[in-house]
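If you want the building blocks of each chain, they are given just below.
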Amino acid sequence: MSERVLTVESLTTSFPNPGGPLAVVDDVSFEIDRGEVLALVGESGCGKSMTAFSLMRLVPRPGRISAGGIELCGKDILSLPVPEMREVRGSDVAMIFQEPMTSLNPVLTVGAQVVEAIQLHERVSSGEARRRTVELFDRVGIPDPDARFDAYPHLLSGGMKQRVMIAMALSSQPKLLIADEPTTALDVTIQAQILELLRELQRETGMSILLITHDLGIVNELADRVAVMYAARLVEEGSRETILGAARHPYTQGLLRSMPALARRGEPLAEIPGAVPPPDEWPPGCRFAGRCDRALDHCASDLPAETRLGEGHSARCHVVAGEEAP
């Protein structure tokens with residue numbers, strides 16, 4: 001039986017608004033087992049990064065987690081006092097942020113920043129923390145790790161900065177790694193190297209990964225399961241093979257059609273018309289209804305329920321529910 005690392009139940013994260021709170025993560029539920037890679041997929045503005053910040057309890061003010069529960073490694077993290085939550089960050093869960101260029105302190109050497117992360121969670125000497133940092137740098141593929149220990153961030157390439165961030169995230173051997181668009185700012189060659197590094201580290205350590213991305217090519221490289229997010233809600237979930245090969249929700253199908261790998265040479269890429277609406281313009285029903293070419297009359301007014309489509313596969317869509325009805 002698989003060991004459950006993370007359980008998210010009906011998570012809602014809201015920001016105050018004159019017309020009432022706006023939920024930027026709305027009634028989201030999912031689970032991650034030990035050693036599993038779950039990809040959280042969707043366009044920019046869908047709520048993926050805010051979901052990650054919620055799991056870390058780092059929601060920027062004045063936002064707050066307004067409903068739901070998060071259980072991480074058997075701990076109810078929403079009930080933990082702030083000092084205990086600081087201990088959880090790093091030891092149980094760590095995060096690689098989207099922009100390595102701005103995530104490192106420019107006035108400290110990269111080695112000193114990893115040492116600080118180690119000593120925050122463990123009582124070890126500076127010498128031992130330095131030794132472990134150099135070892136981590138070597139493990140994540142940073143050349144000449146002894147020399148790089150004393151380098152400042154501006155002296156490193158984007159790819160090297162991202163490797164430093166990965167080393168920092170791994171410094172206390174977390175059980176869950178949240179990787180928020182880990183290759184967005186990198187060129188294609190470096191992207192491939194970082195993805196291969198994450199795959200190797202995941203296999204070596206057995207850690208779980210929540211991979212946040214809008215790139216379905218990355219999903220195909222790394223993920224075991226996929227959760228598709230649109231306008232703060234999950235709209236489809238399933239295995240990688242199911243989502244990439246037999247997606248049912250119109251939004252997921254639109255994302256797949258927009259992949260360059262599926263386009264015919266010389267023809268323009270298919271696109272989903274419009275854009276993700278802002279939270280204060282969401283309809284009470286399906287939030288994709290205004291962009292969906294298969295929408296029914298009641299889609300925008302009635303909230304779709306979850307339709308089970310097979311083992312581990314579900315979608316929240318009136319059209320899909322109608323197709324499944326006897």
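Structure: above.
To start, this report covers the structure provided alongside it.

## Brief notes about the overall build of the protein
Broken down by element type, the protein carries twelve helices and twelve strands. For the protein, whose C-alpha radius of gyration is 21 Å, the value lies close to the compact-globule estimate of 20 Å for 326 residues. A total of 326 residues make up the protein; the buried ones form 49% of that total. Restricting the contact set of the protein to residue pairs at least 6 apart, pairs at least 24 apart contribute 64%. Working note: accessible area of the protein is about 15,500 Å², and carbon and sulfur atoms make up 50% of it. When the 32 positive and 45 negative side-chain charges of the protein are each reduced to one mean point, those points stand 3 Å apart.

## Description of the packing of helix α7 (residues 158–170) against helix α8 (residues 188–205)
Taken N-terminus to C-terminus, the directions of α7 and α8 make an angle of 15 degrees; their axes are 10 Å apart at the nearest point. Classed by the angle they form, the pair α7 and α8 counts as roughly parallel. Note on packing geometry: the crossing formed by α7 with α8 is right-handed. Only Ile190, Gln193, Ile194, Leu197, Leu198 and Leu201 of α8 make contact with α7, whose side of the interface consists of Gly159, Gln162, Arg163, Ile166 and Leu170. For the contact of α7 with α8, the class distribution of residues is seven nonpolar, three polar and one charged.

## Considerations on the nonpolar core
Ranked by size, the top nonpolar core spans 57 residues in total, and within it Leu6, Phe30, Ile178, Leu210 and Tyr251 carry the most contacts. Setting aside its immediate chain neighbours within four residues, Ile178 contacts Ala52, Leu55, Met56, Val93, Ala94, Met95, Ile96, Leu210 and Ile212. Within the second largest apolar cluster, 37 residues are counted, among which are Leu136, Met165, Ala169 and Ile209.

## Some points on the sheet that holds strand β2 (residues 22–33)
Taken in spatial order, the four strands line up as β2-β1-β4-β5 in an open sheet, and their pairing is antiparallel. Looking at strand neighbours, the two that pair on one side only are β2 and β5 (75–76), the edges of this open sheet. Pairing of strand β1 (residues 4–15) with strand β4 (residues 64–72), which is carried by seven bridges, proceeds in the antiparallel orientation. The partner of Ser14 across the bridge, within β4, is Arg64.

## Thoughts on the environment of Pro16
The topology assignment puts Pro16 in the loop between β1 and β2. We classify Pro16 as exposed; its relative accessible area is 54%. Residues Pro16 and Pro62, spaced 46 residues apart in sequence, show a C-alpha to C-alpha distance of 7.0 Å.

## Remarks on the pairing of strand β9 (residues 225–230)
Counting buried positions over the six residues of β9 gives five, a clear majority of the element. Here strand β3 (residues 37–41) pairs with β9 via four bridges, running parallel. Of the residues in β9, the one forming a bridge with Leu38 is Arg225. Bridge count between β9 and strand β10 (residues 233–239): six bridges; the pairing is antiparallel. For Tyr230, the partnering residue across the bridge sits in β10 and is Arg233.

## Quick look at unusual backbone geometry
Following Arg61, the chain continues into Pro62 via a peptide bond in cis, with omega recorded as 10 degrees. Its identity as a non-glycine residue notwithstanding, Arg57 has a phi of 55 degrees, on the positive side. Phi at Asp144 is positive, roughly 50 degrees, even though this residue is not glycine. Turning to its location among the elements, Asp144 is positioned in the loop between α5 (126–139) and α6 (145–148). On the basis of relative accessibility, which here comes to 52%, the residue Asp144 falls in the exposed class.

## Notes on the packing of aromatic side chains
Given two aromatic rings, their pairing is described by the distance between the two centres and the angle made by the two planes. Counted according to the given criterion, the structure contains four aromatic pairs. Ring plane angle 80 degrees and centroid distance 5.2 Å describe the contact between Tyr230 and Phe288, whose orientation is recorded as edge-to-face. Of this pair, Tyr230 sits in strand β9 while Phe288 sits in the loop between α11 (250–257) and β11 (306–310), and the two are 58 residues apart along the sequence. Each member of the pair, Tyr230 together with Phe288, is buried. An aromatic cluster of three or more residues is present, and its members are Tyr230, Tyr251 and Phe288. Across from the ring centre of Phe149, 3.9 Å away, lies the NZ or CZ of Arg130, which sits over that ring.

Calculation rules
- Throughout, a residue's number is its position along its own chain's written sequence, starting from 1.
- Thresholds applied to this predicted model are a pLDDT of at least 70 for local features of residues and 80 or more for the giving and counting of side-chain atom pairs; totals over whole chains, interfaces and linings are not thresholded and use all residues.
- Only hydrogens and water are set aside when side-chain values are computed; all heavy atoms of the structure are taken into account.
- Runs of H or I in DSSP of at least four residues are treated as helices and runs of E of at least two as strands, each being numbered from the N terminus.
- For a compact globule the rule gives 2.2 Å times the number of residues to the power 0.38, and the radius of gyration it is set against comes from C-alpha atoms.
- Three labels apply to residues, based on accessible area from a 1.4 Å probe with only protein chains included: buried if under 20% of the type maximum, exposed if over 50%, partly exposed otherwise in between.
- Contacts: residue pairs with any heavy atoms within 4.5 Å of one another.
- With residues, only the protein chains shown are counted as cover, and all accessible areas are computed by Shrake-Rupley using a 1.4 Å probe.
- Charge convention: Lys and Arg are scored as positive, Asp and Glu as negative, and His as well as the terminal groups of each chain are ignored.
- To locate a charge, take atom NZ for lysine, CZ for arginine, CG for aspartate or CD for glutamate.
- Convention adopted: a line fitted to C-alpha atoms gives each axis, helices being fitted over their contacting stretch, and angles between N-to-C directions are expressed from 0 to 180 degrees.
- Orientation categories follow fixed angle ranges, with anything under 35 degrees roughly parallel, anything over 145 roughly antiparallel, 65 to 115 roughly perpendicular, and all other angles oblique.
- Should the near helix be turned anticlockwise from the far one by less than a right angle, the crossing is termed left-handed; should it be turned clockwise, right-handed.
- Residues are grouped as follows: nonpolar covers Ala, Val, Leu, Ile, Met, Phe, Trp, Tyr, Cys and Pro; charged covers Asp, Glu, Lys and Arg; every other residue, Gly included, is treated as polar.
- Here the nonpolar core consists of buried residues drawn from Ala, Val, Leu, Ile, Met, Phe, Trp, Tyr and Cys, with membership extended through side-chain atoms lying within 4.5 Å.
- Pairing between two strands is assigned when DSSP locates at least 2 bridges connecting them.
- For this analysis, a ring pair means two rings from Phe, Tyr or Trp (six-membered ring only for Trp) whose centres lie within 6.5 Å, classed as stacked if their planes differ by under 30 degrees, edge-to-face if by over 60, and tilted for the remaining angles.
- By definition here, charges over rings are those cases where NZ of Lys or CZ of Arg is within 6 Å of the ring centre and within 35 degrees of the ring normal.

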